[in-house]
Amino acid sequence: MAITSYPFDGQSVTESQFSQLFREFADSGVAASAKSNSFGVSADGAGMSVKVQPGFAVVRGHAVLSTAVETLTLAAAGTSTRYDRVALRLDPSVNQITLTVLQGAVGGGVPTPTQTDTGIYELPLATITVSANTSAIASASVSKERAFIGQSVGAWVNSTRPASARFGKLGLNYDTDTWEFWNGTSWAPLISSVDWSSLSGKPATFPPASHTHTWSQISDRPSTLPPSAHTHTWSQVADKPTSFTPTAHKHPWDDITGTPSSYPPSSHSHSWSSITSKPTSFPPSSHSHSGYLEAGDTIAWANGSKQPHANSASGSGTWYAVWVEGDGRFCRNTSSIRFKENVRDIAIRPEDVLSLRPVIYDRKATEERPEPRKDEVGLIAEEVEQTLPWLVNYLDGQVDGLRYDLLGVALLSVVQDQEQRIKALESRVEELTCVS
C-alpha cells in the first residue's frame, strides 16, 4: 500500500516513524530559552577537561535529559593547535543519546558532525580550541554552538543554522542579532538593508528651513577672530592702566640730569687675595693683653696655630697640651679618673699597629701658602681608619686628621705583646738549660 498512517490504537509504530513524526514538531536542539545555560559547555578550570550543564534537548525526534553537571576529558594537546567539538550523539543501534567529544586533527579545522537520517546523528554544543602544548583549557577557548528550540521560531548562531530548512523557515541569529529566513538556497535577512543609492524618488537637495545654531554646534570654527582694521578713542578703552611701566632701555650719561658729583661706596668687603699693593709684613701697634684667654674664648683657625709660636715652655709648674675643639675653642687635655666614667679595657691587636705605614710626603699648597710644604713625615689617615679607626678625626663627615697623641696608647699593645714573648722565651731558655 502506498499510503501509511500512524499512530493508531492496536497499531505497531516503529522508532523511525515516531522520530519522523516528532521532527515535524521540533527541530533538533536544546529545549530552553535562547542563550540559557542548558547543556552549556565551560572550561573545567584546571586540566584538559570541560563541564556540561544539565538540560533537555531533542535530537532528530528523540529526547535526552541530563540532571547533573557532566565532565568530559579531552585528549592531550599536540605541538600545533587543534579544534575539538562537544556534541550530543544519537546512536539508534544502542537506543541511547550521550555526550561525546569529536576530536579534531592537529593543525586541522573543526571536525564535521555526523548527521544521518536514520543512523548516527550528532548535535554540536560547543567548539574547543586546544592550543599547542597547553595543559589546561581556558574559558576563552570555549565557543558556544547550541541551537535552541521550544519557541515558535528558531534561534541559532551561524554554525548551528538548520542544515535542511524548509523554504520560509524563520529564526533569530544571535551571532549577528538579526532575523533571517531560508529562501530555498541560503539564509537571508528578514529585513533587507537599505542604503541611499537604492532609494528611488529621493530629492536632489534639501533646502534648510529657517533655524539657528549655538556657537558650540558649529564645526571647523576658528579658534580666534582677528579684528578688521579700526581705531578707538582713549575714552572707549576699558580697564586701561593708570600708569605705564617703561620697557627695558638705556640712556647715555649726558642725557641724565641731576647726577651726583661723587659716589660714596656702600658697606662691603674684599678677600685678601683681591687686595693689591698690600704690605709684606705688619709691625704690631702699641697694644696690651688683659691676660690669658678665658674659658670659652675662640680664636680663628689661622691664629690658632700662630698664637703660641713665640712662647716656650720653661721653669716649674703645671703644663698642658693645648687642644682645639671642633667649634674652634682651646682647651686642656685631662686624664684624671675624676673626668671619666664607663672605664673599660680596649683590645688592640699588635699586628694592626705594626701594619701602619710611615710615609714622607709634600703638603699641598693653599691660597694662604702658595708653595707646597716639602718632606713631611706621618701616616695616611684613610689607611689607619681600616684597622684603628679610633685614631682618626673627622670633619664634615670626611676623614680629616689623626690623633697622633693616642698612637702611644696603641704602641702599648705592641710593647706588652713583646714583653710576654720575651718572658716566654726566657722561661723556655731556662728549661732547656736545666735539661742540658
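Here the structure is shown first, and the text comes after it.
Presented here is a report on the structure given in the accompanying data block. All values derive from a computational prediction rather than experimental measurement. (Residues numbered from 1 in each chain as written. Predicted model: local features only at pLDDT ≥ 70, side-chain atom pairs only at ≥ 80, totals over all residues. Heavy atoms only, no water.)

**Details of the pairing of strand 14 (residues 178-182)**
Here is step 1 of the chain: As judged from the 4 bridges shared by strand 13 (residues 170-173) and strand 14, these two strands associate in the antiparallel manner. From the neighbouring strand, Leu170 faces strand 14, where its bridge partner is Phe181.
Here is step 2 of the chain: In sequence, strand 13 turns back onto strand 14 through a hairpin of 4 residues, with Asp177 there showing a positive phi of about 55°.
Here is step 3 of the chain: Two elements, strand 14 and strand 15 (residues 187-189), share 3 bridges in a ladder whose sense is antiparallel. Across the sheet, the residue bridging to Phe181 is Ala188, located in strand 15.
Here is step 4 of the chain: Once strand 14 ends, the chain turns through 4 residues before running back antiparallel as strand 15, passing Gly184 with a positive phi of about 95°. (Pairing = 2+ DSSP bridges. Helix = DSSP H or I, 4+ residues; strand = E, 2+ residues; numbered from the N terminus.)

**Describing the sheet that holds strand 6 (residues 70-73)**
Here is step 1 of the chain: Reading across from one edge, 2-3-6 is the order of the 3 strands in this open sheet, with antiparallel pairing throughout. Taken across any chain shown, the strands that pair with only one partner, and hence form the sheet edges, are strand 2 (41-43) and strand 6. When the angles between neighbouring strand axes are averaged without regard to direction, this sheet yields 30°.
Here is step 2 of the chain: Here strand 3 (residues 49-52) runs beside strand 6; their pairing, made up of 4 bridges, is antiparallel. Note on strand 6: the bridge partner recorded for Val50 is Leu72. (Axes fitted to C-alpha atoms, helices over the stretch in contact; angles between N-to-C directions.)

**A look at the packing of aromatic side chains**
Here is step 1 of the chain: Under the definition given, this model contains 6 aromatic pairs.
Here is step 2 of the chain: Judged by centre distance (5.4 Å) and plane angle (65°), the rings of Trp182 and Trp187 are edge-to-face.
Here is step 3 of the chain: Take Trp182: its relative accessible area is 15%, and that puts it in the buried class.
Here is step 4 of the chain: An angle of 50° between the planes, with centres 6.3 Å apart, marks the rings of Trp196 and Phe206 as tilted. Of this pair, Trp196 sits in the loop between strand 15 and helix 2 (301-306) while Phe206 sits in the loop between strand 15 and helix 2, and the two are 10 residues apart along the sequence.
Here is step 5 of the chain: Take Trp196: its relative accessible area is 49%, and that puts it in the partly exposed class. (Phe/Tyr/Trp six-rings, centres within 6.5 Å; stacked < 30°, edge-to-face > 60°. Buried < 20%, exposed > 50% of the residue type's maximum accessible area, 1.4 Å probe, protein only.)

**Looking at the side chain of Thr127**
Here is step 1 of the chain: Along the chain, the position of Thr127 falls in strand 9 (residues 121-130).
Here is step 2 of the chain: Within the structure, the side chain of Thr127 is placed 2.8 Å from the side chain of Glu145, a separation counted as a polar contact.
Here is step 3 of the chain: Once residues within four sequence positions are removed from consideration, Thr127 is found in contact with Tyr83, Asp84, Arg85, Val110, Ser141, Val142, Ser143 and Glu145. (Polar contact = N/O pair within 3.5 Å; in protein donor to acceptor, adjacent residues only side chain to side chain. Contact = heavy atoms within 4.5 Å.)

**Here we look at helix 5 (residues 407-435)**
Here is step 1 of the chain: Taking 1.5 Å per residue as the helical rise, helix 5 with its 29 residues ought to reach 42 Å, and the 43 Å between its terminal C-alpha atoms agrees with that figure.
Here is step 2 of the chain: Every buried residue belonging to helix 5 is among Ala410, Ser413 and Val414, and all of these are buried.
Here is step 3 of the chain: At its buried positions, helix 5 is contacted by helix 3 (350-354). (Expected span 1.5 Å × (residues − 1).)

**Section: the side chain of Asn173**
Here is step 1 of the chain: Residue position: Asn173 is located in strand 13.
Here is step 2 of the chain: For Asn173, a relative accessible area of 0% gives the class buried.
Here is step 3 of the chain: Among all residues touching Asn173, those that are not within four sequence positions of it are Trp156, Val157, Asn158, Arg161, Thr178 and Glu180.

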